[in-house]
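Examining the three-dimensional arrangement
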Amino acid sequence: IQWLIDVLLKISRLDADVVNFSYQNTSCSKLIDSAYETVAIILDVKNQTIIRQIPDDISIQCDINWLSEAISNILKNCAEHTPENGIITVTIHDNALFSQIIIEDNGPGFDPEDIPHLFDRFYKGIHSSNGSIGIGLALSKSIIQKHNGRLYAYNRKEGGACFDIKLYKAII
């Protein structure tokens, strides 16, 4: 219950625009390491592997605590929907307009009916676990939007889910 209260308070603070983000130039490797720490046990229990394709020289301006929470929620979603011995891949690209974080898994992917609602508060997908409340991806979306970013989700052609985060470097 305490976790749910904390998450709802975070979303309310984001909605009210009262969060003071502490933006710093942050190594993408450090950001992903921070997000990974919170889901490492889940991945270990299911013997899942994370493959990182992160160039050493890419950094972004972010509040590492908030953005790593958003990414860890996405990693947790992937871990929950990927079978034992599955693979989750994190790839980062950078260009003049945005930095892109792509998180993919080799699970069954999204049910097409779920895709338009994945980021809605309290939405539980057709294949959600019993313990799911349906709030983690909504929180991730809010945090990413506050970082001048966009979060997309779709099914990969070869199967599995894909979360695509674009963090824009300037407001257009």
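Report follows, based on the coordinates. Everything quoted here is computed from the prediction, not taken from an experiment.

**Considering the pattern of salt bridges**
According to the stated counting rule, one finds eight salt bridges in the structure shown. A salt bridge links Asp17 to Lys146; the nearest nitrogen and oxygen atoms lie 3.3 Å apart. Of this pair, Asp17 sits in the loop between helix H1 (2–15) and strand S1 (24–27) while Lys146 sits in helix H5 (residues 136–146), and the two are 129 residues apart along the sequence. Of the residues examined, Asp17 reaches a relative accessible area of 55% and is grouped as exposed. The partly exposed category is assigned to Lys146, whose relative accessible area is 31%. Here Asp33 makes a salt bridge to Arg52, at a shortest N to O gap of 2.3 Å.

**A word on the packing of helix H2 (residues 28–37) against helix H4 (residues 64–81)**
Contact geometry of H2 with H4 gives a least axis separation of 8 Å together with a crossing angle of 60 degrees. The orientation of H2 with respect to H4, classified from their angle, is oblique. For the pair H2 and H4, the sense of crossing is right-handed. When H2 is examined against H4, the residues Lys30, Leu31, Ile32, Ser34, Ala35 and Tyr36 are found in contact with a partner set consisting of Ile64, Leu67, Ser68, Ile71, Ser72 and Leu75. Residues of the contact of H2 with H4, tallied by class, amount to eight nonpolar, three polar and one charged.

**Brief notes about the nonpolar core**
One finds Leu67, Ile71, Leu75, Ile101, Ile103, Phe163 and Ile165 to be the most contacted residues of the largest nonpolar core, which totals 44 residues. No other element matches the nine residues that H4 contributes to this core. Beyond its immediate sequence surroundings of up to four residues, Leu67 is in contact with Leu31, Ile60, Cys62, Ile143, Ile144, His147 and Leu167.

**Observations regarding the pairing of strand S3 (residues 59–62)**
Alternating residues of S3 divide into Ile60 and Cys62, all buried, and Ser59 and Gln61, none buried. Examined bridge by bridge, S1 and S3 share four bridges and lie antiparallel to one another. In the sheet register, Gln24 faces S3, and the bridge partner there is Cys62.

**Quick look at H1**
Each α-helix winds once per 3.6 residues, and so residues spaced three or four apart point in a common direction. Between its terminal C-alpha atoms H1 stretches 20 Å, which fits the 20 Å expected from 14 residues at 1.5 Å a residue. Listed as buried for H1 are Val7, Ile11 and Leu14. For H1, the angular spread of buried residues about the axis comes to 60 degrees, placing them on one side. Residues of H1 that are buried in the fold lie against H4 and H5. Positive backbone phi, at 60 degrees, marks Asp17, one or two positions downstream of H1.

**Structural notes on the sheet that holds strand S5 (residues 98–105)**
Spatial strand order, S2-S4-S5-S7-S6: five strands in an open sheet with mixed pairing. Of all the strands in the sheet, the pair left with one neighbour each is strand S2 (49–53) and strand S6 (149–155). This sheet shows a mean twist of 15 degrees between the axes of neighbouring strands, independent of strand direction. Strands S6 and strand S7 (161–168) of the sheet are contacted by H5, whose axis makes an angle of about 140 degrees with S6.

**What about the environment of Ile60?**
You can see Ile60 is positioned in strand S3. What Ile60 contacts, discounting residues up to four positions off in sequence, is Gln24, Asn25, Thr26, Cys28, Leu31, Leu67, Ser99 and Leu167.

**Comments concerning H4**
The terminal C-alpha atoms of H4 lie 25 Å apart, and with 18 residues this matches the ideal 26 Å at 1.5 Å per residue to within 8%. Judged by how many residues are buried, H4 sits mostly within the fold: 14 of 18 residues are covered.

Conventions and cut-offs
- Residues numbered from 1 in each chain as written.
- Predicted model: local features only at pLDDT ≥ 70, side-chain atom pairs only at ≥ 80, totals over all residues.
- Heavy atoms only, no water.
- Salt bridge = Lys/Arg side-chain N within 4 Å of Asp/Glu carboxyl O.
- Helix = DSSP H or I, 4+ residues; strand = E, 2+ residues; numbered from the N terminus.
- Buried < 20%, exposed > 50% of the residue type's maximum accessible area, 1.4 Å probe, protein only.
- Axes fitted to C-alpha atoms, helices over the stretch in contact; angles between N-to-C directions.
- Parallel < 35°, antiparallel > 145°, perpendicular 65-115°, else oblique.
- Left-handed = near helix turned anticlockwise from the far one by under 90°.
- Contact = heavy atoms within 4.5 Å.
- Nonpolar A, V, L, I, M, F, W, Y, C, P; charged D, E, K, R; others polar.
- Core = buried A, V, L, I, M, F, W, Y, C linked by side-chain atoms within 4.5 Å.
- Pairing = 2+ DSSP bridges.
- Expected span 1.5 Å × (residues − 1).
- Arc of directions from axis to C-beta.

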